[in-house]
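In case you want the letters, here they are:
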Amino acid sequence: MAAKSTTVGKLIENLAAFRPDDEEQLSVLYVDAEGTFGTKFIKRFKNLKKDDMIIYKEHIIEDLWENVEAMIDAQALDILVIDSIGALQTNQESEKTMDESTVAALPKKLNTMIKKFYKATEESKLTVIVMNSEYTNIQTFGSYGPKNVLKGGQSLKYGKSVSLELKKSYSKTNATIETINGEEVMTEVMIEYTAKKNKLGAPMRSASTMLNVNREVRQTFKYALDVINYATKFGIIEKAGAWF
């Protein structure tokens, strides 16, 4: 299993790499726990087809596992993507109020689910990709300990075979800047990959690739800028420095 990344659509390009050269059809279940996945991402990758992917919107982990387990037992899955751990909830968490304690409810459920994934991946060709994000550890402010933590507990940390850390380079030298209507717009950014853990090869190797932020950003930005300029010109909105 793989874990650790940052933004929506971040592993779509990686999914395309799973398709073999002989164009063998793969069945992909994309669990959209965040509720932010759009099918337009699929069109941007020639090796990914809409018919190959099942988009499943679910954030309750018990309901998620019930349906995923049925598909695994039927050997109907080649790739399972969970996006993301931070958006998952347990039934216990969803039923209680914000003031009621649900300490470690999600890690306990994930621990059980990951153990079942072990058996499923050994008995079939299933590949599980888990997305997660780093959060600031407020318990270590001004003291020793990890500054950032991952949601889901320790079982996910030790249970995965490959851990890829994705970071965006904020340097303008590692980005594509285009001038549109006199404004500089970043249309491509560099994404750096680091294999923090790798049971299948050498760890701590790094690579980078350019990610197109949005193929429609040029036209979209142009239209948005035109609307703002006309609104400012006719007094619909007022501009004060960098604010409107």
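A short tour of the structure in this document, coming up. (Residues numbered from 1 in each chain as written. Predicted model: local features only at pLDDT ≥ 70, side-chain atom pairs only at ≥ 80, totals over all residues. Heavy atoms only, no water.)

### A closer look at the overall build of the chain
Here is step 1 of the chain: What the chain contains, in helices and strands, is six helices and 11 strands.
Here is step 2 of the chain: The buried share of the chain, taken over its 244 residues, is 36%.
Here is step 3 of the chain: If you take every contact in the chain between residues at least 6 apart in sequence, the share linking residues at least 24 apart comes to 67%.
Here is step 4 of the chain: Per element, the accessible surface of the chain, about 15300 Å² overall, is 53% carbon and sulfur. (Helix = DSSP H or I, 4+ residues; strand = E, 2+ residues; numbered from the N terminus. Buried < 20%, exposed > 50% of the residue type's maximum accessible area, 1.4 Å probe, protein only. Contact = heavy atoms within 4.5 Å. Areas by Shrake-Rupley, 256 points an atom, 1.4 Å probe, with all protein chains shown as cover.)

### Overview of the packing of aromatic side chains
Here is step 1 of the chain: The full count for this structure, using the stated rule, is one aromatic pair.
Here is step 2 of the chain: Aromatic side chains Trp65 and Phe117 sit 5.2 Å apart centroid to centroid with 85° between the ring planes, which places their arrangement in the edge-to-face category. Residue Trp65 is located in helix H2 (residues 61-73), and its partner Phe117 is located in helix H4 (residues 105-123); the two are separated by 52 residues in the primary sequence. The same class applies to Trp65 as to Phe117, namely buried. (Phe/Tyr/Trp six-rings, centres within 6.5 Å; stacked < 30°, edge-to-face > 60°.)

### Concerning the packing of H2 against H4
Here is step 1 of the chain: Look at H2 against H4: their axes get within 11 Å of each other, and the N-to-C directions meet at 5°. Judged by the inter-axis angle, H2 sits roughly parallel to H4. Facing Ile61, Glu62, Trp65, Val68, Glu69 and Ile72 of H2, the residues of H4 in contact are Leu106, Lys109, Leu110, Met113, Lys116, Phe117 and Ala120.
Here is step 2 of the chain: Residue classes in the contact of H2 with H4 are distributed as nine nonpolar, no polar and four charged. (Axes fitted to C-alpha atoms, helices over the stretch in contact; angles between N-to-C directions. Parallel < 35°, antiparallel > 145°, perpendicular 65-115°, else oblique. Nonpolar A, V, L, I, M, F, W, Y, C, P; charged D, E, K, R; others polar.)

### Focus on the pattern of salt bridges
Here is step 1 of the chain: What the rule picks out here adds up to three salt bridges.
Here is step 2 of the chain: The closest approach of N and O atoms between Asp32 and Lys57, which form a salt bridge, is 2.6 Å. Here Asp32 is found in strand S2 (residues 28-32), whereas its partner Lys57 is found in the loop between strand S3 (53-56) and H2, with 25 residues between them in sequence.
Here is step 3 of the chain: Of the charged contacts, one joins Lys109 and Glu62 as a salt bridge, the two residues approaching to 3.7 Å between their closest N and O atoms. Remark: Glu62 occurs in helix H2 and Lys109 occurs in helix H4; sequence separation between them is 47 residues. (Salt bridge = Lys/Arg side-chain N within 4 Å of Asp/Glu carboxyl O.)

### Thoughts on the nonpolar core
Here is step 1 of the chain: Core analysis: the largest hydrophobic core is formed by 24 residues, its most contacted members being Val68, Ile72, Leu80, Leu88 and Phe117.
Here is step 2 of the chain: Going through the elements one at a time, S2, H2, strand S4 (79-83), H4 and strand S5 (127-130) are the ones with two or more residues in this core.
Here is step 3 of the chain: For this core, the leading source of residues is H4, giving six residues.
Here is step 4 of the chain: Non-local contacts of Leu80, meaning those with residues more than four positions away in its chain, are made with Leu29, Val31, Val68, Phe117, Leu126, Thr127, Val128 and Ile129. (Core = buried A, V, L, I, M, F, W, Y, C linked by side-chain atoms within 4.5 Å.)

### Some words on the environment of Glu188
Here is step 1 of the chain: For Glu188, the location among the structural elements is in strand S10 (residues 183-198).
Here is step 2 of the chain: Since its relative accessible area comes to 24%, Glu188 is described here as partly exposed.

### With respect to the pairing of S4
Here is step 1 of the chain: The buried fraction of S4 is high, at five of five residues.
Here is step 2 of the chain: Of the two faces of S4, both are covered, the one formed by Ile79, Val81 and Asp83 as well as the one formed by Leu80 and Ile82.
Here is step 3 of the chain: Direction of pairing for S2 relative to S4: parallel, over a ladder of five bridges. Bridge pairing in S4 places Val31 opposite Ile82.
Here is step 4 of the chain: The pairing of S4 with S5 spans four bridges and is parallel. Bridging from a neighbouring strand, Ile79 pairs with Thr127 of S5. (Pairing = 2+ DSSP bridges.)

### Observations regarding H4
Here is step 1 of the chain: With 19 residues, H4 should cover 27 Å at 1.5 Å per step; its first-to-last C-alpha distance of 28 Å lies within 8% of that length.
Here is step 2 of the chain: Buried residues of H4: Ala105, Leu106, Leu110, Met113, Ile114, Phe117 and Ala120, and no others. For H4, the angular spread of buried residues about the axis comes to 130°, placing them on one side. In H4, the exposed positions that point more than 90 degrees away from the buried face belong to Lys108, Lys115, Lys119, Glu122 and Glu123.
Here is step 3 of the chain: Looking at the packing, one finds that the buried side of H4 touches H2, S4, helix H3 (91-95), S5 and helix H5 (154-159). (Expected span 1.5 Å × (residues − 1). Arc of directions from axis to C-beta.)

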